[in-house]
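Coordinate analysis (summary)
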Amino acid sequence: QVQLVESGGGLVQAGGSLRLSCAASGRTFSGYAMGWFRQAPGKEREFVAAISWSGGSTYYADSVKGRFTISRDNAKNTVYLQMNSLKPEDTAVYYCAAALSGFVVVSIKMYDAWGQGTQVTVSS
């Protein structure tokens, strides 16, 4: 099982940027597809972005398309989420997750390991 630790969250004004990182340890990171999800207070956890094991394929939720970019560095066992043009509605706890499938997956049920989350707060 791979272990995941997120970092990079914080408080930012609307229109600002943050870069989240997710460091993996344990089993071979490069074999996993990786995803970012978020959960706002009182809401269900929702898909944000995903990247295949090689980094060759990515997929985004419509709400973040054009503003967020997912990437990975398999040599550093790390996946990133660059978030630009942040909006107050992006406020949530952001989680990274790993999927053994290796291919881009959207469904939360397809992910096998989860980090503890990092808080992102966007002020208006």
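A brief report on the enclosed structure follows.

This next bit is on the state of the cysteines. For the coordinates displayed, the defined rule picks out one disulfide. At a sulfur-sulfur separation of 1.9 Å, the disulfide partner of cysteine 22 is cysteine 96. Measuring handedness by torsion sign, the sulfur bridge of cysteine 22 and cysteine 96 sits at about 45 degrees and is right-handed. With cysteine 22 in strand β3 (residues 18-26) and cysteine 96 in strand β9 (residues 92-99), this residue pair connects regions lying 74 residues apart in the sequence. Assessed through its relative accessible area of 0%, cysteine 22 is described here as buried.

We now examine the pattern of salt bridges. For the coordinates displayed, the defined rule picks out four salt bridges. One network of salt bridges, with partners in common, ties together Arg38, Glu46, Arg67 and Asp90.

Let us look at the side chain of threonine 118. With respect to the helices and strands, the residue threonine 118 is situated in strand β11 (residues 118-123). In this structure the side chain of threonine 118 is engaged in a polar contact, spanning 3.2 Å, whose partner is the backbone nitrogen of glycine 9. Those residues within four positions of threonine 118 in sequence are excluded, and the remaining contacts are Glu6, Ser7, Gly8, Gly9, Leu20, Ala92, Val93 and Tyr94.

Rules of the game
- Residues numbered from 1 in each chain as written.
- Predicted model: local features only at pLDDT ≥ 70, side-chain atom pairs only at ≥ 80, totals over all residues.
- Heavy atoms only, no water.
- Disulfide = S-S within 2.5 Å.
- Helix = DSSP H or I, 4+ residues; strand = E, 2+ residues; numbered from the N terminus.
- Buried < 20%, exposed > 50% of the residue type's maximum accessible area, 1.4 Å probe, protein only.
- Salt bridge = Lys/Arg side-chain N within 4 Å of Asp/Glu carboxyl O.
- Polar contact = N/O pair within 3.5 Å; in protein donor to acceptor, adjacent residues only side chain to side chain.
- Contact = heavy atoms within 4.5 Å.

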